[in-house]
Amino acid sequence: DGILAGVTTTKEAIRRIVPVDEQKFLLALAPVPIYKNEPGKEEARRRINYSLTNPLVVYTGKLGLEVQEVRYILEAAGKIPAINFLFTGGRKSVVEAIKNYCQERNIENVILTGFFEDSRKIRNYQIAADVLVSYYTSKDHMIEFNYPQKINEYMSTLNPVLTPDFPATRDVLNENNVLFVKPDDVQSLVDGINKLIGDKELSSRLARQAFEDVKALSFTNRAAEFLRFIKSRI
């Protein structure tokens, strides 16, 4: 009676296989919570014990050297020593492996939190950031259909977001709410981070628009839309 697809590219892939009416589809679009009573950036930094004056780039997501996204961000960190790169999560063995990786390459500006039993703490790190990075790659993701939920979490922080321009995210992302950089290109990643750190007006404009755009994708709003869609199918 109806199909819930993640993004438009998924919907169109289905329609190329089976002739399903456009009206029978609803997109999920990776909804996120409505975050209430959140700290400001300074309070978030106090909570995570970040008192340095260096700009802070934050990645929250799957951690491990087998994740190409993580390797790219670590490579970028090695090229921008004046900027700190913080990665949340990771079991002890993973954290040790990344520490060794950085030590072998003289990368000294990486901060690793280790695993959180309480995942709600991650939000403080997202809010504390100067730049939030989602740099996933075709090497370990189906970029035609994959929409990482962390992108919408990032957009709700009032901090600028940097990510590659992949078709699956175009339902929500555009040049007005994130900074697009080339995929699988460490120098483009470095240039994008430097641009957001150096251009405060651009960062603020992108962050404000992202914050407004992601409001429609709250759990509450999307759940209401799902229910309307279900009732329309009955």
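These numbers were taken from a predicted model, which means no experiment stands behind them. (Residues numbered from 1 in each chain as written. Predicted model: local features only at pLDDT ≥ 70, side-chain atom pairs only at ≥ 80, totals over all residues. Heavy atoms only, no water.)

Novice: Tell me about the overall build of the protein, and name the residues and values.
Specialist: Per the secondary structure count, the protein includes nine helices and eight strands. By the compact-globule yardstick of 17 Å for 234 residues, the protein fits well, its C-alpha radius of gyration being 19 Å. C-alpha extents for the protein along the principal axes are approximately 60 × 40 × 35 Å. Evaluated residue by residue, the protein yields a buried proportion of 48% over its 234 residues. Put simply, 72% of the contacts in the protein that link residues at least 6 apart link residues at least 24 apart. Carbon together with sulfur atoms contributes 51% to the accessible area of the protein, which is approximately 12100 Å² in total. Taking the 32 positively charged and 30 negatively charged side chains of the protein as two groups, their mean positions are separated by 4 Å. (Helix = DSSP H or I, 4+ residues; strand = E, 2+ residues; numbered from the N terminus. Rg over C-alpha atoms; globule rule 2.2 N^0.38 Å. Buried < 20%, exposed > 50% of the residue type's maximum accessible area, 1.4 Å probe, protein only. Contact = heavy atoms within 4.5 Å. Areas by Shrake-Rupley, 256 points an atom, 1.4 Å probe, with all protein chains shown as cover. Lys, Arg positive; Asp, Glu negative; His and termini not counted. Charge placed at Lys NZ, Arg CZ, Asp CG, Glu CD.)

Novice: Kindly report on the sheet that holds strand β4 (residues 84-87), identifying the contributing residues and their values.
Specialist: Read from one edge of the open sheet, six strands run β5-β4-β3-β6-β7-β8, paired in parallel fashion. Each edge of the open sheet carries a strand with a single partner, namely β5 (110-112) and β8 (179-181). Each strand axis lies, on average, 25° off the axis of its neighbour in the sheet, ignoring direction. Pairing of β4 with β5 involves three bridges; the strand directions are parallel. When the sheet's bridge partners are listed, Phe 85 is paired in β5 with Val 110. Of the strands in this sheet, β3 (56-59), β4, β5 and β6 (131-133) are in contact with helix α3 (residues 68-79), which crosses β4 at around 160°. (Pairing = 2+ DSSP bridges. Axes fitted to C-alpha atoms, helices over the stretch in contact; angles between N-to-C directions.)

Novice: I'd love a proper account of the pattern of salt bridges, names of residues and values included.
Specialist: Tallied over the full model, the rule gives 17 salt bridges. We note a salt bridge from Glu 38 to Arg 123, for which the minimum N-O separation is 2.5 Å. Here Glu 38, found in the loop between β2 (25-27) and α2 (41-47), pairs with Arg 123, found in helix α5 (residues 122-128); they are 85 residues apart in sequence, far enough to count as distant. Of the residues examined, Glu 38 reaches a relative accessible area of 31% and is grouped as partly exposed. Judged by its relative accessible area of 8%, Arg 123 is buried. Connected through shared salt-bridge partners, Lys 11, Glu 12, Arg 15 and Glu 22 make up one network. (Salt bridge = Lys/Arg side-chain N within 4 Å of Asp/Glu carboxyl O.)

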